[in-house]
Amino acid sequence: FIQGLERLRNEPAESLDGFRVRLLTNTGLLADATPGLERGAEGVGLYRSEIPFMVHQSFPTEEEQLRIYQKVLAAYVPHPVSMRTLDIGGDKQLPYFEMSEQNPYLGWRGIRFTLDNTQLLVTQIRAMLRADIGNGNLQVLVPMVSRVDEVSSFRGHMEKAVADLRKEGHPVRMPQIGMMIEVPSAMLLLPKLAPWVDFVSIGSNDLTQYLLAVDRNNPRVSALFDHLHPAVLHALMNIQQQCQTLNLPVSVCGEMASDPVAVLVLMALGYNSISLSAYNIPRIKLLIRSVERQALLPLLEQAQACSHEEEIRALFQPLVEQAL
Ligand code: PEP
Ligand code: MG
């Protein structure tokens with residue numbers, strides 16, 4: 001099936017009426033770099049840096065991280081690579097760092113953890129900045145932002161790291177800084193957060209989890225976890241509108257970007273950049289190329305009036321079946 005789609009590799013992900021979607025890939029393993037490129041990814045929308053940390057025996061040094069990041073950036077030149085700083089906590093644990101909390105999803109996660117361990121954060125951003133030398137395609141993404149001081153402090157650390165490295169003789173560049181929107185407070189505070197960032201990326205997995213108060217990995221409540229829940233749809237609409245007003249580039253990098261129905265909803269909402277696993281790129285591209293965005297708009301209007309995710313899904317499902 002995937003092989004039959006190889007011919008699409010160099011074709012744009014563009015609807016029949018010319019709505020162009022940028023297809024980026026999610027990765028974290030070096031082994032993923034090639035499949036992403038082979039399937040036509042236009043860059044990396046989410047590099048999960050915790051993955052190389054998870055396969056190490058202890059926190060990797062600046063030099064060890066440098067070597068890994070260089071390979072990822074070099075593989076994708078000239079396409080952009082959004083490297084997310086360490087996002088541990090919640091379901092993501094390191095074998096060499098004990099973290100035991102009653103409520104890990106509401107605890108020491110992502111940027112909260114790294115701002116409390118600035119040595120780790122600074123080591124990581126130094127490695128990223130150095131890896132960018134000669135490549136020039138690094139973007140840095142901050143996970144689990146819930147407060148303005150998190151992004152302002154983060155920017156402070158970046159500026160200091162850039163200045164320090166230049167003093168040490170490394171010709172580093174200040175990269176674009178983005179933040180994940182995966183906590184409802186980040187969505188509600190967007191106008192105050194926007195001055196500190198160059199772009200945003202929606203983590204639909206955590207955003208769904210925190211909007212609905214449904215553990216993303218708990219099988220008992222998995223029937224309640226749906227990125228097409230009407231409240232999530234409302235949030236996605238709100239974020240898209242705010243980003244347009246704020247002139248802030250936005251991309252979606254959670255699992256919903258691999259769900260064909262959700263992709264049609266995102267297109268209708270006006271999202272023109274998504275990031276997904278390399279494996280799913282060809283069929284999502286085929287889907288995008290098979291539809292007219294204009295035809296999605298009345299469906300979106302109906303979806304906004306729905307009370308349940310099943311109704312929203314049913315509206316778009318026939319188009320998916322026609323295309324795939
Ligand atoms: C998300 O939360 O949607 C996301 C992309 O980040 P992760 O899945 O790594 O938490
Ligand atoms: Mg997340």
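Conventions and cut-offs
- Residues numbered from 1 in each chain as written.
- Chains lettered and ligands numbered in written order.
- Predicted model: local features only at pLDDT ≥ 70, side-chain atom pairs only at ≥ 80, totals over all residues.
- Helix = DSSP H or I, 4+ residues; strand = E, 2+ residues; numbered from the N terminus.
- Rg over C-alpha atoms; globule rule 2.2 N^0.38 Å.
- Buried ≥ 20, exposed ≤ 12 C-beta atoms within 10 Å, placed from the backbone.
- Contact = placed C-beta atoms within 7 Å.
- Pairing = 2+ DSSP bridges.
- Core = buried A, V, L, I, M, F, W, Y, C linked by C-beta atoms within 7 Å.
- Near = placed C-beta within 6 Å.
- Nonpolar A, V, L, I, M, F, W, Y, C, P; charged D, E, K, R; others polar.
- Axes fitted to C-alpha atoms, helices over the stretch in contact; angles between N-to-C directions.
- Parallel < 35°, antiparallel > 145°, perpendicular 65-115°, else oblique.
- Left-handed = near helix turned anticlockwise from the far one by under 90°.
- pLDDT = per-residue confidence, 0-100.

**Observations regarding the overall build of the chain**
1) Next: Counting its secondary structure elements, the chain contains 14 helices and eight strands.
2) Next: The C-alpha radius of gyration computed for the chain amounts to 19 Å, which stays within 12% of the reference 20 Å derived for 324 residues, consistent with globular compactness.
3) Next: Taking all 324 residues of the chain together, the buried fraction comes to 42%.
4) Next: Put simply, of all contacts in the chain between residues at least 6 apart along the chain, 71% involve residues at least 24 apart.

**Some remarks on the pairing of strand β6 (residues 199–202)**
1) Next: Pairing of strand β5 (residues 176–181) with β6, which is carried by four bridges, proceeds in the parallel orientation. Bridging across to β6, M180 finds its partner in S201.
2) Next: Two strands pair when backbone bridges link them, and β6 and strand β7 (residues 250–252) are joined in this way by three bridges, in the parallel orientation. Opposite I202, over in β7, you have V252 as the bridge partner.

**A few points about the nonpolar core**
1) Next: Ranked by size, the top nonpolar core spans 80 residues in total, and within it V145, V263, V265 and I274 carry the most contacts.
2) Next: Considering each element in turn, this core owes the most residues, nine residues, to helix α11 (residues 260–269).
3) Next: Apart from residues no more than four positions distant in its own chain, V265 is found in contact with L228, L233, L300, A303 and F316.

**A word on the site of ligand 1**
1) Next: As a matter of local geometry, ligand 1 sits amid L46, R48, D87, E182, G203, S204, N205, D206, C253 and G254.
2) Next: Of all elements in the fold, only β2 (44–48) and α9 (204–212) reach the threshold of two or more residues within the shell around ligand 1.
3) Next: Looking at the shell around ligand 1 element by element, the count peaks at three residues for α9.
4) Next: Taken together, the residues of the shell around ligand 1 sort by class into two nonpolar, four polar and four charged.

**Here's the deal with unusual backbone geometry**
Leave glycine aside and you will find that most residues have negative phi; peptide bonds, for their part, are mostly trans.
1) Next: Here the residue pair V77 and P78 is connected by a cis peptide bond, since its omega of 5° sits within 30 degrees of zero.
2) Next: With phi around 55°, A213 is a residue other than glycine that occupies positive phi space.
3) Next: Position of A213 among the secondary structure elements: in the loop between α9 and α10 (230–246).
4) Next: Note on A213: 9 C-beta atoms within 10 Å, which makes it exposed.

**Concerning the packing of α11 against helix α12 (residues 281–290)**
1) Next: Two elements in contact, α11 and α12, have axes whose closest approach is 10 Å; the angle formed by their N-to-C orientations is 45°. By the angle between their directions, the pair α11 and α12 is classed as oblique. Considering the relative orientation of α11 and α12, their crossing is right-handed. Residues P260, V263 and M267 of α11 form the contact with α12, whose own contacting residues are I284, L287 and I288.
2) Next: The class makeup of the residues in the contact of α11 with α12 is six nonpolar, no polar and no charged.

**Thoughts on the confidence of the model for the chain**
1) Next: Looking at the chain, pLDDT values average 96 and 99% of them are 70 or higher.
2) Next: Overall fold confidence for the complex sits at a pTM of 0.97, while the interface term, ipTM, reaches 0.99.

**What to know about the environment of L30**
1) Next: On the secondary structure map, L30 appears in the loop between β1 (22–27) and α1 (33–38).
2) Next: Judged by local crowding, L30 falls into the partly exposed class, with 13 C-beta atoms found within 10 Å.
3) Next: Separated by 39 residues in sequence, L30 and Y69 place their C-alpha atoms 9.0 Å apart.

**Comments concerning the packing of α11 against helix α14 (residues 309–323)**
1) Next: Look at α11 against α14: their axes get within 9 Å of each other, and the N-to-C directions meet at 105°. Judged on the interaxial angle alone, α14 and α11 are roughly perpendicular. Along its contact with α11, which presents P260, V261, L264 and V265, the element α14 presents R313, F316, Q317, L319 and V320.
2) Next: Grouping the constituent residues of the contact of α11 with α14 by class yields seven nonpolar, one polar and one charged.

**Quick notes on the environment of V55**
1) Next: The residue V55 is located in the loop between α2 (50–54) and α3 (62–76) in this model.
2) Next: A count of 12 C-beta atoms within 10 Å places V55 in the exposed class.
3) Next: Here the alpha-carbon distance between V55 and L29, two residues 26 residues apart in the chain, equals 9.8 Å.

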